[in-house]
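Observations on the model geometry
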Amino acid sequence: MAENPPSPSETEVAALIVETLQLDMPVSTIDMDAPLFGDGLGLDSIDALELSLAIKRQYGVELRSDTADKVDIFRSVRSLTHYIAAHSPS
(Lines give C-alpha, C1' and ligand atoms only; values in the text may rest on other atoms or scores of the structure.)
Protein backbone atom coordinates (compact mmCIF):
# COMPACT_ATOMS: atom_id res chain seq x y z
CA MET A 1 0.00 0.00 0.00
CA ALA A 2 2.95 2.33 0.57
CA GLU A 3 3.75 2.24 -3.15
CA ASN A 4 0.39 3.73 -4.07
CA PRO A 5 -0.96 5.60 -1.03
CA PRO A 6 -4.63 6.60 -1.00
CA SER A 7 -5.59 10.00 -2.30
CA PRO A 8 -7.72 12.28 -0.11
CA SER A 9 -10.70 11.43 -2.34
CA GLU A 10 -10.14 7.70 -1.90
CA THR A 11 -9.90 8.12 1.86
CA GLU A 12 -13.15 10.11 1.79
CA VAL A 13 -14.96 7.40 -0.21
CA ALA A 14 -13.57 4.70 2.09
CA ALA A 15 -14.88 6.68 5.08
CA LEU A 16 -18.29 6.92 3.41
CA ILE A 17 -18.31 3.14 2.94
CA VAL A 18 -17.37 2.51 6.59
CA GLU A 19 -19.94 4.99 7.87
CA THR A 20 -22.79 4.00 5.55
CA LEU A 21 -22.39 0.27 6.06
CA GLN A 22 -21.38 0.59 9.73
CA LEU A 23 -18.26 -1.48 9.19
CA ASP A 24 -16.23 -2.19 12.29
CA MET A 25 -12.84 -1.20 10.86
CA PRO A 26 -10.71 1.91 10.67
CA VAL A 27 -10.57 3.57 7.28
CA SER A 28 -6.77 3.44 7.43
CA THR A 29 -6.84 -0.37 7.21
CA ILE A 30 -8.74 -0.47 3.92
CA ASP A 31 -6.65 -1.38 0.89
CA MET A 32 -7.88 0.96 -1.86
CA ASP A 33 -7.29 -1.75 -4.50
CA ALA A 34 -8.89 -4.63 -2.56
CA PRO A 35 -12.18 -6.01 -3.89
CA LEU A 36 -15.27 -4.52 -2.29
CA PHE A 37 -17.12 -7.84 -2.64
CA GLY A 38 -16.08 -11.39 -1.82
CA ASP A 39 -12.64 -11.76 -0.28
CA GLY A 40 -12.06 -8.02 0.06
CA LEU A 41 -14.45 -6.07 2.28
CA GLY A 42 -17.06 -8.81 1.87
CA LEU A 43 -19.88 -6.54 0.75
CA ASP A 44 -23.08 -7.93 -0.75
CA SER A 45 -25.83 -6.67 -3.06
CA ILE A 46 -27.74 -4.97 -0.22
CA ASP A 47 -24.53 -3.15 0.74
CA ALA A 48 -24.13 -2.06 -2.89
CA LEU A 49 -27.65 -0.60 -2.87
CA GLU A 50 -27.07 1.28 0.39
CA LEU A 51 -23.72 2.54 -0.87
CA SER A 52 -25.24 3.67 -4.17
CA LEU A 53 -27.82 5.74 -2.28
CA ALA A 54 -25.13 7.29 -0.06
CA ILE A 55 -23.01 8.18 -3.11
CA LYS A 56 -26.00 9.83 -4.78
CA ARG A 57 -26.68 11.89 -1.62
CA GLN A 58 -23.04 12.81 -1.04
CA TYR A 59 -21.77 13.36 -4.57
CA GLY A 60 -24.83 13.61 -6.82
CA VAL A 61 -23.62 10.62 -8.83
CA GLU A 62 -26.24 8.02 -9.66
CA LEU A 63 -25.14 4.39 -9.76
CA ARG A 64 -27.88 2.33 -11.33
CA SER A 65 -28.21 -1.44 -11.11
CA ASP A 66 -28.53 -1.66 -14.91
CA THR A 67 -25.23 0.17 -15.55
CA ALA A 68 -23.22 -2.06 -17.88
CA ASP A 69 -19.88 -1.51 -16.15
CA LYS A 70 -21.12 -1.71 -12.53
CA VAL A 71 -18.77 -4.63 -11.79
CA ASP A 72 -15.79 -2.50 -12.80
CA ILE A 73 -17.10 0.55 -10.92
CA PHE A 74 -17.54 -1.41 -7.68
CA ARG A 75 -14.30 -3.38 -8.09
CA SER A 76 -12.45 -1.42 -5.37
CA VAL A 77 -12.47 1.84 -3.45
CA ARG A 78 -10.02 3.23 -6.01
CA SER A 79 -12.22 2.33 -9.02
CA LEU A 80 -15.32 3.68 -7.28
CA THR A 81 -13.53 6.93 -6.46
CA HIS A 82 -12.41 7.34 -10.08
CA TYR A 83 -15.97 6.79 -11.30
CA ILE A 84 -17.36 9.36 -8.86
CA ALA A 85 -14.71 11.92 -9.89
CA ALA A 86 -15.44 11.37 -13.58
CA HIS A 87 -19.23 11.65 -13.18
CA SER A 88 -19.61 14.20 -10.40
CA PRO A 89 -21.76 17.17 -11.43
CA SER A 90 -19.57 19.61 -9.50
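This section reports on the structure supplied with the text. (Residues numbered from 1 in each chain as written. Predicted model: local features only at pLDDT ≥ 70, side-chain atom pairs only at ≥ 80, totals over all residues. Heavy atoms only, no water.)

1. So, the nonpolar core
Quick note on the threshold: Definition of nonpolar core: a set of buried residues of the types Ala, Val, Leu, Ile, Met, Phe, Trp, Tyr and Cys, connected through side-chain atoms within 4.5 Å. Burial here depends on accessible area, computed with a 1.4 Å probe over protein chains only, as a share of the maximum for the residue type. Under 20% is buried, over 50% is exposed, and the range in between is partly exposed. Starting at the N terminus, helices and strands are each numbered in turn, a helix being any DSSP run of H or I of at least four residues and a strand any DSSP run of E of at least two. Contacts: residue pairs with any heavy atoms within 4.5 Å of one another.
Residues Ile17, Ile55, Val77 and Leu80 are the most contacted members of the largest nonpolar core, which totals 22 residues. Of all elements in the fold, only α1 (8-20), α2 (45-59) and α4 (77-87) reach the threshold of two or more residues within this core. Among the elements that line this core, the one with the most residues is α1, at five residues. Not counting the four nearest positions on each side in its chain, Leu80 is found in contact with Val13, Ile17, Leu36, Leu51, Ile55, Leu63, Ile73 and Phe74.

2. Some details on the packing of α1 against α2
Helix-helix packing is characterised by the crossing angle of the two axes and by the distance between the axes. The condition is simple: For helices, the fitted line uses only the C-alpha atoms of the stretch in contact; every axis is such a line through C-alpha atoms, and the angle between N-to-C directions lies from 0 to 180 degrees. Angles below 35 degrees are treated as roughly parallel, those above 145 as roughly antiparallel, those between 65 and 115 as roughly perpendicular, and all remaining angles as oblique. The sense of a crossing depends on the near helix, which, turned anticlockwise from the far helix by less than a right angle, makes the crossing left-handed and, turned clockwise, makes it right-handed. All amino acids are sorted into three groups, where Ala, Val, Leu, Ile, Met, Phe, Trp, Tyr, Cys and Pro are nonpolar, Asp, Glu, Lys and Arg are charged, and the leftover types, Gly among them, are polar.
Running from N to C, α1 and α2 cross one another at 125 degrees; their axes reach a closest spacing of 10 Å. If you check the angle between α1 and α2, you find them oblique. In the crossing of α1 with α2, the sense of the turn from one axis to the other is right-handed. Residue-level contacts link Glu12, Val13, Leu16, Ile17 and Thr20 of α1 to Glu50, Leu51, Ala54, Ile55, Gln58 and Tyr59 of α2. Across the contact of α1 with α2, the residue classes tally to seven nonpolar, two polar and two charged.

3. Structural notes on the packing of aromatic side chains
Heads up, the condition is: Under the pairing criterion, centres of Phe, Tyr and Trp rings, with the six-membered ring standing for Trp, must be within 6.5 Å; the plane angle then separates stacked pairs below 30 degrees from edge-to-face pairs above 60, leaving the rest tilted.
Throughout the structure, instances matching the rule amount to one aromatic pair. Relative to Phe74, the ring of Phe37 lies with its centre 6.2 Å away and its plane at 70 degrees, an arrangement referred to as edge-to-face. Placement of the pair is Phe37 in the loop between α1 and α2 and Phe74 in the loop between α3 (70-73) and α4, with a sequence separation of 37 residues. Since its relative accessible area comes to 28%, Phe37 is described here as partly exposed. On the basis of relative accessibility, which here comes to 10%, the residue Phe74 falls in the buried class.

Don't take any of this as a statement about function, it's just geometry.
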